[in-house]
Each structure stands twice: as structure tokens, then as C-alpha cells.
Amino acid sequence: VNQPIPVLLNEIRFSFEQLKEHFSRIFFLCDKNTFKFCFTPHFSSFVPKENVFVLEAGDAHKTLENAGLFCTFLLENQADKNALVINLGGGMISDLGGFSASIYQRGIEFVNMPTTLLSVADASLGGKTAVNLHHTKNTLGLFAHPHSILFSPQFLLTLPKDEWLSGWAEIIKSVLLFDSTKWEEINQLEQLPLSTNKQSLSLIEFCWKHKSKVVDRDFFDKGVRQALNYGHSIGHVIESMSIREKKPLLHGFAIAAGMKYENLISAKLGLMDGKEAIKINLLLEQWFPVIRKVKPEFSKEFANILLNDKKNKTGKLNMSLLSKPGKFYIQQEVPTELIEEVFNQTL
Ligand SMILES: NC(=O)c1ccc[n+]([C@@H]2O[C@H](COP(=O)([O-])OP(=O)(O)OC[C@H]3O[C@@H](n4cnc5c(N)ncnc54)[C@H](O)[C@@H]3O)[C@@H](O)[C@H]2O)c1
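All figures in this text were calculated on a predicted structure; none of them were measured in a lab. (Residues numbered from 1 in each chain as written. Predicted model: local features only at pLDDT ≥ 70, side-chain atom pairs only at ≥ 80, totals over all residues. Heavy atoms only, no water.)

### Notes on the overall build of the protein
A tally of helices and strands in the protein yields 13 helices and 10 strands. Here the C-alpha radius of gyration of the protein, 20 Å, is about what a compact globule of 347 residues would show, namely 20 Å. Based on the C-alpha atoms only, the size of the protein along its principal axes is roughly 55 × 40 × 35 Å. In the protein, which comprises 347 residues, the proportion classed as buried is 57%. A separation of at least 24 residues holds for 76% of the contacts in the protein among residues at least 6 apart in sequence. Separation between the mean location of the 38 positive side-chain charges and that of the 37 negative ones in the protein comes to 2 Å. (Helix = DSSP H or I, 4+ residues; strand = E, 2+ residues; numbered from the N terminus. Rg over C-alpha atoms; globule rule 2.2 N^0.38 Å. Buried < 20%, exposed > 50% of the residue type's maximum accessible area, 1.4 Å probe, protein only. Contact = heavy atoms within 4.5 Å. Lys, Arg positive; Asp, Glu negative; His and termini not counted. Charge placed at Lys NZ, Arg CZ, Asp CG, Glu CD.)

Shown next, in the form of C-alpha cells:
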């Protein structure tokens, strides 16, 4: 299956009418916020409300139960093999909606319409779908490309400030992995833009280009695609723990904290220059003040989540680590003691 590249939606209604010609029925999946801020203003005049399934917002609702409820909704509304699901929302919606569509009647098509910076730049493309299981991130999922990815900057107009910042974390991850010159450019920024201006649009396109290149080379995540997990091994555990403790951290903030601790690990392993790690980490803390306060405790539970994380082979911790901006290593073995050590270290 070919990987679709995101397309800018110029005329929302026109594009919707075009999709209608190819499918028997079209159903929308939204969360409460995207229903209010994206569906109502842009679609409600021509799409009946009965065709929309609305979930509670937030990653805690990316569950198998909700995927089951959405599939039940599709069944009750007689969705056939030729029906289409439109995921109108952030990464939570595209992950859960993509997963549900891919298992409903062994797979129907879905379109991602990303409404957060994080999902525009990252989650809506690449063909990974998932739900969490017992608060452990993305335990159930499959690979399935969307039919298309349609993006309108208008969808992002109502995005709260923290959600913008959360999206920037994944963009910064890509820049750090793939382009030292771009990194030099953006590390001059005192603040990250909170709108789709020229600079953010060009960085979104940068992410599309690099992510799709890596996904084309390694769709099933056996090799080079694992580079994109930089910040995620530790970040996912921090995120899972925060959901368990009912103080959920935004995905991007957990990943920014994950990048910070993984840089320290990389320096301890001699893969990154110590001064470089500190320089990058200071910038991460400047842009994402909340991660300054994220000080994980290395508990047994933490270790268990880390070891169960699907990125690790048989009991050994494998991480993708940055060496310097523009250079990374995949599948680096990391002793658990080292993780404990960097958690106790201050910058
Ligand atoms: N599949 C992938 O490749 C991939 C990659 C990265 C992240 N993810 C997943 O994506 C999720 C995180 O994505 P996210 O940050 O987009 O989270 P999200 O979908 O939970 O959205 C974040 C918040 O913003 C609100 N929101 C969305 N659009 C809005 C708008 N236009 N105006 C106002 N509010 C709006 C949502 O209701 C929610 O409260 C996680 O589940 C993560 O695991 C998946």
C-alpha cells in the first residue's frame, strides 16, 4: 500500500463531496473538543450529526472499550465494507479511529484530518494505529495507512497553547534527529510559534518529508524507523505513569522529558558529548518549562513498563539515542541501572 502524503485542504466542503463519490457512507470520529471546534463550524451544515461518533477527550480514552463502542456504532449504522471513517482530531482520534476502521469487517478505509500540531506533523502519517491497554501506551495496534491525510490550518485555530507546545516536542525531535542546520536555526528561538505561520508550516513540511522517507524505508519498524522513537522509550513510561496517577501529562511534554533523560543516558554511554547534552537539555527546559518538574522515580512498576515496552527485545532495554543534532543510533542497549542513575542526576 502506498503511503499518502498530507494534502492541504483548500476547500473543505469540496473535498468532502469528492470523497462521497468514492464511498457508500461516511462516518466521523471526533472527541468532544474536535466535535465542538472543528466538526460544528466546518461540517455540520452538510453532514448529519447521526454520522458522528464523539468520544471523551484525552489519551485516557484511547481504549479498547472505546474502539469496541465505535465499531458497534458502525455496525448499528449498517456501515458496509465500502464505508469510510474520517478521523477528525488529534493523535488520540487518528490512533483509535485508524485502529477501529482497520479491524471493522477486517478493514475499511479511513481518512485522517489532523486538528493538533502534533497530529499534523507526526501522528496522522506513517500508518501506525493503536489503543492503550490498562494504561499502557499503544499495546494493541496495527499498521495501516490512511486513504488520505487532509489538513487545514483552520482546524488549528482553537488549539490551546499547551497543545501547540506539545506538538512542538515531536517537531523538535525530528529536527534533532535529521538536520543540524535546521536545529541551529530553531535554537535561536526564545519561544516556539503558537500558530501556523510560515515558519511552523515549513517545519511541518520538514517533518512530513523526513517521516515519510523513513517510513518508506522501514514501514514495519524493524530498523531505521526506530530512530523516531528517540525520547519515547522513557517518554512513554513517564506518560503511562502520569495516566495511572491521574495527573496526565500531554504526550509531547512526556516526550520532551524523555528526550532530556535519554540525552543524559547517551552522554553516560559516551555516545553524546556531555556538554552537547546539557546544551540541548537547557533549550528543552526553556521551551517546555513543565519538563523541568518531571522527575521520575525509578520504581519496580516503572521498570516493568519499560521492559514491557514493545521497543525492547527479550528483556533487554534497547533505545534510539541521539549522538548530536543530525546523527542518531538505533538499538542501543541500555542497562537499567543507568536509567536510575540519570533520574537521580540534576543538570
Ligand atoms: N500513530 C503515530 O504515529 C503517533 C505518533 C505520535 C503520537 N501518537 C499518539 O497521538 C496522541 C497524542 O496526540 P495529540 O497530542 O494530538 O492528542 P489528542 O488527540 O488527545 O489531542 C490533544 C487535546 O487537544 C484537543 N484538541 C484537538 N484538536 C483541537 C482543536 N482544533 N481545538 C481545540 N482543542 C483541540 C483534544 O480534544 C485533546 O484534548 C497519543 O495518543 C500518542 O500516542 C501517535
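Having seen it, we continue.
### Some words on the pairing of strand S4 (residues 84-89)
A large share of S4 lies buried, amounting to six of its six residues. Pairing geometry for strand S2 (residues 26-31) and S4, over four bridges, is parallel. Residue Leu29 lies in a different strand from S4, and its bridge partner there is Asn87. In the sheet, S4 pairs with strand S5 (residues 109-114) via six bridges, with the strands oriented parallel. Bridge pairing in S5 places Asn87 opposite Asn112. Between the parallel pair S4 and S5, the chain is carried across by helix H4 (residues 91-103), and the sense of this crossover is right-handed. (Pairing = 2+ DSSP bridges. Right-handed = clockwise from strand over helix to strand, strands pointing away.)

### Considering helix H6 (residues 161-178)
For H6, built from 18 residues, the straight-helix expectation of 26 Å at 1.5 Å per residue is met to within 8% by its first-to-last C-alpha distance of 26 Å. Burial analysis of H6 places 15 of its 18 residues in the buried class, which makes it a mostly covered element. (Expected span 1.5 Å × (residues − 1).)

### A short note on the nonpolar core
One broad trend across soluble globular proteins is that nonpolar side chains are buried collectively. The biggest cluster of nonpolar side chains holds 91 residues, and the ones touching the most others in it are Phe28, Phe43, Phe288 and Ile339. Broken down by element, the residue count for this core peaks at 10 residues, all from H6. When sequence neighbours within four positions are dropped, the list of residues in contact with Phe288 reads Leu165, Trp168, Ala169, Ile172, Leu192, Phe253 and Ala256. Judged by nonpolar contacts, the second largest core, of 22 residues, contains Phe53, Phe70, Tyr104 and Ile108. (Core = buried A, V, L, I, M, F, W, Y, C linked by side-chain atoms within 4.5 Å.)

### Notes on the site of the ligand
Taken together, the neighbourhood of the ligand is formed by 28 residues, with Asp31, Asp59, Thr116, Phe155 and Thr158 sitting nearest. Contact between the ligand and Lys128: a nitrogen atom at 3.0 Å from a main-chain N or O atom of the residue. Out of a free accessible area of 860 Å², the ligand has 92% covered by protein chains. Considering every element that reaches the shell around the ligand, the biggest residue donor is helix H2 (residues 32-43), with four residues. When its residues are assigned to classes, the shell around the ligand shows nine nonpolar, nine polar and 10 charged. (Near = heavy atom within 4 Å. Polar contact = N/O pair within 3.5 Å; in protein donor to acceptor, adjacent residues only side chain to side chain. Areas by Shrake-Rupley, 256 points an atom, 1.4 Å probe, with all protein chains shown as cover. Nonpolar A, V, L, I, M, F, W, Y, C, P; charged D, E, K, R; others polar.)

### With respect to the sheet that holds strand S8 (residues 148-151)
Pairing is parallel across the open sheet formed by six strands, whose spatial order is S1-S8-S5-S4-S2-S3. The two strands at the open ends of the sheet, each matched to only one other strand, are strand S1 (7-8) and strand S3 (52-55). In the packing of helix H3 (residues 64-76) onto the sheet, the strands contacted are S2, S3 and S4, and the crossing angle to S3 comes to about 165 degrees. (Axes fitted to C-alpha atoms, helices over the stretch in contact; angles between N-to-C directions.)

### Focus on the pairing of strand S10 (residues 327-333)
Sheet analysis places strand S9 (residues 318-324) next to S10, joined by five bridges and oriented antiparallel. Paired with Lys324 across the bridge in S10 is Lys327. Remark: two residues form the turn of the hairpin made by S9 and S10, two consecutive strands paired antiparallel; Gly326 in that turn has positive phi of roughly 90 degrees.

### A look at the environment of Leu321
Within the secondary structure, Leu321 is located in strand S9. Here Leu321 falls in the buried class, since its relative accessible area comes to 0%. Sequence separation of Leu321 and Ser242 is 79 residues, and the distance between their C-alpha atoms is 23 Å. In contact with Leu321, other than residues within four places in its own chain, are Glu262, Ile265, Ser266, Leu269, Leu271, Phe328, Tyr329, Gln332 and Val334.

### Examining the packing of aromatic side chains
One pass over the full model with this rule turns up 24 aromatic pairs. Look at Phe28 and Phe39: their rings are 5.3 Å apart centre to centre, the planes differ by 70 degrees, and that puts the pair in the edge-to-face class. Here the residue Phe28 occupies a position in strand S2, and Phe39 occupies one in helix H2, the gap between them amounting to 11 residues. Measuring from ring centre to ring centre gives 5.1 Å for Phe53 and Phe73, while their planes differ by 45 degrees; the resulting arrangement is tilted. Remark: Phe73 occurs in helix H3 and Phe53 occurs in strand S3; sequence separation between them is 20 residues. Taken together, the ring pairs connect Phe16, Phe28, Phe35, Phe39, Phe43, Phe46 and Phe155 into an aromatic cluster. (Phe/Tyr/Trp six-rings, centres within 6.5 Å; stacked < 30°, edge-to-face > 60°.)

### What to know about the pattern of salt bridges
Overall, the coordinates contain 12 salt bridges when judged by the stated rule. In this structure, Lys211 engages Asp122 in a salt bridge whose closest nitrogen and oxygen atoms are separated by 2.6 Å. Pair noted here: Lys211 is in helix H8 (residues 198-217) and Asp122 is in helix H5 (residues 117-123), with a separation of 89 residues, a long-range link. Taking relative accessible area as the criterion, Lys211 reaches 10% and is therefore assigned buried. Its relative accessible area of 13% is what places Asp122 among the buried residues. One network of salt bridges, in which partners are shared, links Arg13, Glu17 and Lys20. (Salt bridge = Lys/Arg side-chain N within 4 Å of Asp/Glu carboxyl O.)

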